[in-house]
Structures are given as structure tokens and as C-alpha cells.
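Notes for the structure review
The primary structure of each chain is shown beneath.
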Amino acid sequence: MATSTFDVRPDQEQSIYEFFRTKLLRELSQLFEWKGLPEEVPYDYLEMALTHSGRAMFFYDATYGYMTLACSADGVNVYGKPIRARAIRFTTDMGMPDYQRTIYHRYDEKMEKEKACVMIENMYGGEPMLNIVDFYAKRMAMLQQAFDTNALWQNLPPIFTTPNDNMKLSIMKLFSDIRSGKPWIIVDKEMLAVNGVPVEFIEVQNKLADIYDAMNEIYNSFKETVGINSPGADKKERLLLDEVNANNQSIQTCLHIMQTCREVACEEINEVFGLNISVQARGADEAEGDVEDGTGDDGAEDGSFDGEL
């Protein structure tokens, strides 16, 4: 299992990173829609296995029926394709069952259904999505940390200098009464002096809008990379039709790799097991319609970051 390379020290930074990592993985798990899968095959597990492991084996088992498990591949044939798939799982009722099957290829002879499996690859070569998710989750976490820090420093209180603890207590008592609406009554003689109480202010430039825009750019870059249909930019004005169409071409190219791997697996599954399984990207039917601009029906622009934190 791949691990993150994000060097996190404080617990808060780690929790922010995990939040974005989970968010991006959840979006990827809903990228494709499978139709015709046997009832015993959980769709959500299939996509999560492909996202996390890069490969999954579809096969038939006498006990569980049709199954899909994240797997490893052993050996290669003359074309460099893996020969056998293996998945070991712990269950409370069966211990550690070891599933090993021969991977079906069209240039092989027909195999018995109980001995064959079809390898489903997320991308060519069984590449998972964890590296991509970690890359973007790290940068989104860094920007979120910068956003939180800049927002915090917008709340800087004024700085008072006092000659003694008595004046310090007087000032603290005054500010403690702000929320109650009580009047400020000054009885401290030193606070009534001609020069008053020295006070200083620290100005921190408000960068919240710039950081938010940068986060939108990173988030949209992720969606364009994996093929989620998005305008891919966050602008205050509406996107031109040519900009949206150009971005859609890039999205289709990225999405085509993952969809092709799944379609090839569907054809092989149907051929070996006599099923009728198909897959397509979610929203593919709607994407065939005309694109007018970068806004939805309510006039709000698409492709911007949700801003959960």
C-alpha cells in the first residue's frame, strides 16, 4: 500500500491533509458508473480498490459467487502482460483465504470459469491514484494552513504597554466588559494621565482572497488531471465558450485513459463469464450537450473549491 510523502509535524496540519486526501479519494470513487455488475460485487469497493491499488481481479468463487478484489500480479507473458493474479484476505469465518487465478488474455486459449480471472486496471500498467491525490492534497493542505493563519492574524488585538500590573489589570477589566455592554469607567490614576495609555497596532495584509483563488486553481488542476468535468478555472467573469471547449478536450483526454482500461476489462469479463457489464464516466450523457458558459442554471460559477474548512 502506498504511503504519503507529506512531511507533517503538527497534528493540525496532519488532520487538514487527511481531510483533503479523503475528499479527493471520495470524488475519484464516484468518477465512473458501472452497469450490469452482479449483485454480490460491491461497486464502491471496486472503484476504491482501483483507486488505491491500481488493479483488481474479477473472478468466480464457488462460495461467494462473483468477486472483485484488489490484487497483485505475478509473472509476465511474451507481451509483458501479467499472467497470474493473487488476493489474500482475512475473514472471521474463513481465516486467510488465498485467491489465485490465471489472468485471461484474448490471445490465450479459453479457460474454465473457475480458474480464470479478468484483470481490471485503473490506468495502464496498474497505476493507482494515490500519488496524484497525495500531490494535490499536500498543496491544498498547505494553502488551507496559510488561509487559516492569515485569517487568525486579521484578529490581532491592539498592544498596550503598561508600567505596572495594576494598569494591566485595569485594561483587562475594561476589555472583559465589552461583550456585556457595560460602560468603561476609568478610576486608575495612571490611565488618567495626560499622555494616556500607550497603544500600538500591527497590520497584517489580508491575503485571504488570493489564497482562496490559489486553492481553487490547485483544486481545478486536480479535477482536470483526473478527468472530472470542470471549467478548470475560477474567474469572476464568465468563461468564454472557446475556453470551456478547449478545457473539455483536455479533460476527455485524461479521462479516456481510465475509461479505456475499464471498458477493455468489461469486454473481457463479458466474454469469459457471459455477463453484460458496461461502464461510463458519470455525467457523460449530459456532457454531450451544448456548453454555453461557465455558470450553472443559478448563475453561480462552476469549478470553485467547496471551502469546507
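Since the structure is predicted, the reported quantities are computational estimates derived from the model, not experimental observations.

Thoughts on empty space enclosed by the protein
Applying the stated criterion across every chain yields a total of one cavity of 30 Å³ or more. In this structure, the largest cavity spans a volume of roughly 30 Å³. Residue lining of the largest cavity: Leu-28, Leu-31, Phe-32, Glu-47, Thr-51, Asn-122, Met-129, Met-258 and Arg-262, and that is the complete set. For the lining of the largest cavity, the class distribution of residues is five nonpolar, two polar and two charged.

A look at the environment of Trp-34
Position of Trp-34 among the secondary structure elements: in strand S1 (residues 32-35). Here the alpha-carbon distance between Trp-34 and Arg-262, two residues 228 residues apart in the chain, equals 9.5 Å. Those residues in contact with Trp-34, other than ones at most four positions away along the chain, are Tyr-43, Leu-46, Glu-47, Leu-50, Ile-120, Arg-262, Cys-266, Ile-277, Ser-278 and Val-279. Of the polar contacts made by the side chain of Trp-34, one reaches the side chain of Glu-47; its length is 2.7 Å.

Here's the deal with the environment of Val-226
Summarising the element assignment, Val-226 is placed in helix H5 (residues 208-226). With near-sequence residues (within four places) excluded, Val-226 lies in contact with Leu-28, Leu-31, Met-129, Ile-132, Leu-255 and Met-258.

Considering the sheet that holds strand S6 (residues 98-103)
Read across the open sheet, the six strands follow the order S3-S2-S7-S6-S5-S4; overall the sheet is mixed. Each end of this open sheet is capped by a strand with a single partner; those strands are strand S3 (65-70) and strand S4 (72-76). Within the sheet, the average angular offset between the axes of one strand and its neighbour, ignoring direction, is 35 degrees. Two strands pair when backbone bridges link them, and strand S2 (residues 55-61) and strand S7 (residues 116-121) are joined in this way by five bridges, in the antiparallel orientation. Bridging across to S7, Arg-55 finds its partner in Glu-121.

Rules used in this analysis
Residues numbered from 1 in each chain as written. Predicted model: local features only at pLDDT ≥ 70, side-chain atom pairs only at ≥ 80, totals over all residues. Heavy atoms only, no water. 1 Å grid on protein atoms, 1.4 Å probe; cavity = no way out; pocket = protein on both sides within 12 Å on 5 of 7 lines; lining within 4 Å. Points joined across faces, edges and corners; volume = space filled by probe spheres on them. Nonpolar A, V, L, I, M, F, W, Y, C, P; charged D, E, K, R; others polar. Helix = DSSP H or I, 4+ residues; strand = E, 2+ residues; numbered from the N terminus. Contact = heavy atoms within 4.5 Å. Polar contact = N/O pair within 3.5 Å; in protein donor to acceptor, adjacent residues only side chain to side chain. Pairing = 2+ DSSP bridges. Axes fitted to C-alpha atoms, helices over the stretch in contact; angles between N-to-C directions.

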